[in-house]
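# Architecture at a glance
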Amino acid sequence: TKSKTSSYGNIEGFCYSLKGSVSLPSLVQLIDKILQLEPKNYHAWSHRVWLVDQVHNYQHELAMTNTLLKKDYYNNSVWAYRNHLMHQILTATP
């Protein structure tokens, strides 16, 4: 059976509808819950990239990817997200 998060199809649109009424850290927590249910959900990872780029909490997110990769080393979604984080960290202006 399909989970409820898959049926949204557009998590970004759902989260965008919450923008202004919910804090960015709360949206990150929502995406955390979705990714616990579906660790390879492309839409959730895509929206998480946008969220983290807003709050610039790259070091925390990098540590989180270490934890996720220990659970599933072959999760390409986590590797792609980690690549984005590393790029942001290495190209950040001081």
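### As for the packing of helix α3 (residues 24-37) against helix α4 (residues 42-55)
Two elements in contact, α3 and α4, have axes separated by 10 Å at closest approach and are oriented at 155 degrees. The orientation of α3 relative to α4 falls into the category roughly antiparallel. The element α3 and its partner α4 pack so that their crossing is left-handed. Contact with α3, carried on its side by L24, L27, V28, I31, D32, I34 and L35, involves A44, W45, H47, R48, W50, L51, Q54 and V55 of α4 and no other residues of that element. Of the residues assigned to the contact of α3 with α4, the class counts are eleven nonpolar, two polar and two charged.

### Brief notes about the pattern of salt bridges
Side chains that carry opposite charge are capable of pairing whenever their charged atoms lie near each other. If you walk through the whole model with that rule in mind, you get three salt bridges. Linking D72 and K40 is a salt bridge whose minimum nitrogen-to-oxygen distance equals 3.5 Å. One end of the pair, D72, is in the loop between α5 (58-71) and α6 (76-91); the other, K40, is in the loop between α3 and α4, and 32 residues separate them in sequence. Under the relative-accessibility criterion, D72 is labelled partly exposed at 27%. For E61, the salt bridge goes to R48, with nearest N and O atoms at 2.7 Å. Taken together, the residues E61 in helix α5 and R48 in helix α4 connect sequence positions 13 residues apart. Members of the salt-bridge network, linked through shared partners, are D32, R48 and E61.

### Describing the packing of aromatic side chains
Scanning all chains against the criterion turns up three aromatic pairs. With centroids separated by 5.5 Å and ring planes inclined at 90 degrees, the aromatic side chains of Y73 and Y74 adopt a geometry described as edge-to-face. Relative accessible area serves as the criterion here: at 67%, Y74 is assigned to the exposed category. Ring centres 5.4 Å apart and planes at 80 degrees place the aromatic pair Y73 and W79 in the edge-to-face group. Ring-pair connections join several aromatic residues into one group, and the members of that group are Y73, Y74 and W79.

Procedures and definitions
- Residues numbered from 1 in each chain as written.
- Predicted model: local features only at pLDDT ≥ 70, side-chain atom pairs only at ≥ 80, totals over all residues.
- Heavy atoms only, no water.
- Axes fitted to C-alpha atoms, helices over the stretch in contact; angles between N-to-C directions.
- Helix = DSSP H or I, 4+ residues; strand = E, 2+ residues; numbered from the N terminus.
- Parallel < 35°, antiparallel > 145°, perpendicular 65-115°, else oblique.
- Left-handed = near helix turned anticlockwise from the far one by under 90°.
- Contact = heavy atoms within 4.5 Å.
- Nonpolar A, V, L, I, M, F, W, Y, C, P; charged D, E, K, R; others polar.
- Salt bridge = Lys/Arg side-chain N within 4 Å of Asp/Glu carboxyl O.
- Buried < 20%, exposed > 50% of the residue type's maximum accessible area, 1.4 Å probe, protein only.
- Phe/Tyr/Trp six-rings, centres within 6.5 Å; stacked < 30°, edge-to-face > 60°.

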